[in-house]
Amino acid sequence: MMRLPGWTFTRLIIGRSLIVWFGVRLSMLGLGSGLDLDYRVSLLVVLVAMGLATFEGRRLNEHLFLGNLGVPISALIVMAAIPPLILEVVLGLVGP
Amino acid sequence: MKPILAAESIFKSFGRKQVLSSAGLWVVPGSVTVLVGRNGSGKSTLMRIAAGWLKPDSGTVIYNGRHLVRPSLASLSRLGLFFLPDRDLLSPSIRVGEHLGEVRRHNPEAEIEEAASLLEVDGLLEQKSKTLSSGERRRTELAVALARRPDCFVADEPFREIVPKDVALLARVLRRMADDGCAVVVSGQEARVLFEVADDVIWNTAGTTHHLGTPEEAMGHEQFHREYFGR
């Protein structure tokens, strides 16, 4: 079974991913592209949020520390993708 | 005794720069292997490859008799390896105690209190790692490794940028880990300090490695002595 980080690191990864997602969506609003809810745009937003959050986790040594405890990088990438994915689905369901 | 960790015939280049060619590294349980070499000789690259943190262009990593073509740090860690990189291991915004708590979460038998006490970090548990001095950070990182109780410990330049008192403490702990049965590999440039704890010496020069034997044999190696100490 895949090892996952404890709550301290999970909170950090999810929180960072949420901040990046908000940042990406706010930037899009600021650039005038509005609340584009096309599935291709949503997918791109998820990938950008996941990529930036993963990069930041690597920069802050989390991947090294958790790797030493047997947590694979793939698990951290998936964890960083979940919050923006959920938010994009919710936006798609309740958005204009 | 057979090596628990061996990196064999390692080749690695970054762009057009060949960093390692036919380099190797190995360590047996209960001993300290020291990898010495000048800046830019490829020590860190070889250590990262041996620990699964970097992929080689070619070559094999063998752990406990298992040939691993493209091992990851996480997979080696699950087999009992711990890697201390030459840069920071701790996450800046997380407290020392939380790092140690995470180790216990993954290893219920982890000896947190003993490791923290031995490395003199038991008074730092509430501090975030970004507030630690370089010596405190290195001691905390070694406490994390010690608490994890690895079968093989790969430490890249653990003595860099720390005061002699901390160097002495870290050297004692590394020796103790080996005496308890752990296979320890340490790299660095401080040959005289490293040789005090070493059982076996490997010289990394011009992208490849040479096995020099015991520290006494290494000191008697004419070419090593001339090129490394300059006399």
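Our structure is the block above this text.
Just so we're clear, the structure is a prediction, and the values are computed from it rather than from any experiment.

Q: Got a minute to help me understand the overall build of chain A in this structure?
A: If you tally the helices and strands in chain A, you get four helices and zero strands. For chain A, the succession of helices and strands along the chain, N to C, is α-α-α-α. With the C-alpha coordinates aligned to their principal axes, the bounding extent of chain A is approximately 45 × 25 × 20 Å. A burial count over chain A gives 32% of its 96 residues as buried. In chain A, 81% of the contacts between residues at least 6 apart in sequence involve partners at least 24 apart.

Q: Could you clarify how one ought to interpret the packing of helix α1 (residues 7-30) of chain A against helix α2 (residues 39-59) of chain A in this entry?
A: In helix packing, the relevant descriptors are the interaxial angle and the interaxial distance, both defined with respect to the helix axes. Residue and element names in this part refer to chain A. Look at α1 against α2: their axes get within 9 Å of each other, and the N-to-C directions meet at 135°. Classified by the angle their axes make, α1 and α2 are oblique. When the axes of α1 and α2 are compared, the crossing they make is right-handed. Across the interface between the two elements, Ile13, Arg16, Ser17, Val20, Trp21, Val24 and Arg25 from α1 touch Val45, Val48, Ala49, Leu52, Ala53, Glu56 and Gly57 from α2. Residue composition of the contact of α1 with α2, by class: nine nonpolar, two polar and three charged.

Q: Would you explain helix α3 (residues 96-106) of chain B in this entry?
A: Each α-helix winds once per 3.6 residues, and so residues spaced three or four apart point in a common direction. Among the residues making up α3 of chain B, those that are buried are Val96, His99, Leu100, Glu102 and Val103 of chain B. In a view along the axis of α3 of chain B, the buried residues occupy a sector of 150°, so they form one face of it. The inward-facing, buried residues of α3 of chain B contact α1 and α3 (62-67) of chain A together with α4 (112-118) and α5 (134-148) of chain B.

Conventions and cut-offs
- Residues numbered from 1 in each chain as written.
- Chains lettered and ligands numbered in written order.
- Predicted model: local features only at pLDDT ≥ 70, side-chain atom pairs only at ≥ 80, totals over all residues.
- Helix = DSSP H or I, 4+ residues; strand = E, 2+ residues; numbered from the N terminus.
- Buried ≥ 20, exposed ≤ 12 C-beta atoms within 10 Å, placed from the backbone.
- Contact = placed C-beta atoms within 7 Å.
- Axes fitted to C-alpha atoms, helices over the stretch in contact; angles between N-to-C directions.
- Parallel < 35°, antiparallel > 145°, perpendicular 65-115°, else oblique.
- Left-handed = near helix turned anticlockwise from the far one by under 90°.
- Nonpolar A, V, L, I, M, F, W, Y, C, P; charged D, E, K, R; others polar.
- Arc of directions from axis to C-beta.

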